[in-house]
Amino acid sequence: MDGELRVDLLRGSDIARHVEALAQLRITVFKEFPYLYDGTADYEAHYLQTYIACADSLIVMVRDGEKAVGASTSLPLAAAHEEMRQPFRAAGLPLERYHYFGESLLLRAYRGRGLGVRFFEEREAHGRELGLDWATFCAVDRPGNHPMRPAGYVPNDTFWGRRGYVRDAALQCRMSWLDVGDAASSDKTLVFWRKRLAAA
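Residues numbered from 1 in each chain as written. Predicted model: local features only at pLDDT ≥ 70, side-chain atom pairs only at ≥ 80, totals over all residues. Heavy atoms only, no water.

Chemist: Help me understand the packing of aromatic side chains in this model?
Modeler: Aromatic ring pairs are defined here through the distance separating the ring centres and the angle between the ring planes. All told, the structure shown has 18 aromatic pairs when counted by the stated rule. An angle of 20 degrees between the planes, with centres 5.8 Å apart, marks the rings of Tyr98 and Trp134 as stacked. Residue Tyr98 is located in strand 4 (residues 98–106), and its partner Trp134 is located in strand 5 (residues 134–140); the two are separated by 36 residues in the primary sequence. With respect to class, Tyr98 is no different from Trp134; both count as buried. Judged by centre distance (5.8 Å) and plane angle (70 degrees), the ring pair of Phe101 and Phe120 falls under edge-to-face. Placement of Phe101 in strand 4 and of Phe120 in helix 4 (residues 115–129) is noted, with a sequence separation of 19 residues between them. We classify Phe120 as buried; its relative accessible area is 4%. These aromatic residues form a ring-pair network of at least three members: Phe101, Phe120, Phe137, Phe159, Trp160, Tyr165 and Trp193. (Phe/Tyr/Trp six-rings, centres within 6.5 Å; stacked < 30°, edge-to-face > 60°. Helix = DSSP H or I, 4+ residues; strand = E, 2+ residues; numbered from the N terminus. Buried < 20%, exposed > 50% of the residue type's maximum accessible area, 1.4 Å probe, protein only.)

Next comes the structure, spelled out in structure tokens:
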């Protein structure tokens, strides 16, 4: 890891001071495949209010000097957006036992330095501190022949599997956003991955 990089842990209301930087990271990184998200600063500011309002949320932020170059978010699933809670409620799974990981964002130039692992380690440790038993996140499910899939694209499935996460195709949610190049928003399917944090 570059000696100039700094990792900060932001919680709850502390996040409010960093909304602009976090919004820009989400817009920049999620514009890439597979999300192809054509986002706006106004929507991002609204989205991040959920993390600001939750005292038990955590955002791991990476800076190069004063510039935010990466961030990773989490909060108890019971405090997450309804789209994330609904599949667990429908499956009869207890929301209060899960820690939800929202996103991991790194500008391209900073990838491959171990920060992705650090993001998972910090969020898992936070979930254990909160006494939660499981960690979970969801990922968009794009077809393998998607016309905007870059040549040589490698999904994160292997990385997540090495971290102990298992894809649970029975847990899915639907979200709508505007894809790059589209004129209107469209629904996407996201599939959840889970990992037990505490001993059974």
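Continuing now.
Chemist: Help me understand the side chain of Ser57, please; the structure alone is not making it clear to me.
Modeler: Turning to its location among the elements, Ser57 is positioned in the loop between helix 2 (41–53) and strand 2 (58–64). Among the polar contacts made by the side chain of Ser57, one reaches the main-chain carbonyl oxygen of Tyr51 at a distance of 2.7 Å. For Ser57, the side chain forms a polar contact with the main-chain oxygen of Cys54, separated by 3.0 Å. Leave out the neighbours within four places in its chain, and Ser57 touches Leu10, Arg11, Gly12, Ile15, Tyr51, Ser74, Leu75 and His126. (Polar contact = N/O pair within 3.5 Å; in protein donor to acceptor, adjacent residues only side chain to side chain. Contact = heavy atoms within 4.5 Å.)

Chemist: What is the right way to look at the side chain of His126 in this model?
Modeler: If you trace the backbone, His126 turns up in helix 4. With residues near it in sequence (within four places) discarded, His126 still touches Arg11, Asp56, Ser57, Leu58, Ser74 and His99.

Chemist: When you look at the pairing of strand 2 in this model, what are you seeing that I'm missing?
Modeler: Note on strand geometry: in a regular strand, side chains alternate between the two faces of the sheet. The buried fraction of strand 2 amounts to 6 of the 7 residues, a majority that puts the element mostly inside the structure. Judged from the 7 bridges that link them, strand 1 (residues 5–11) and strand 2 form a sheet pairing that is antiparallel. The partner of Arg11 across the bridge, within strand 2, is Leu58. Note: strand 2 against strand 3 (residues 67–76), 7 bridges, orientation antiparallel. Bridge assignment links Val62 to a residue of strand 3, and that residue is Gly70. Linkage of strand 2 to strand 3, two consecutive antiparallel strands, is achieved through a turn of 2 residues, within which Gly65 is found at a positive phi near 65 degrees. (Pairing = 2+ DSSP bridges.)

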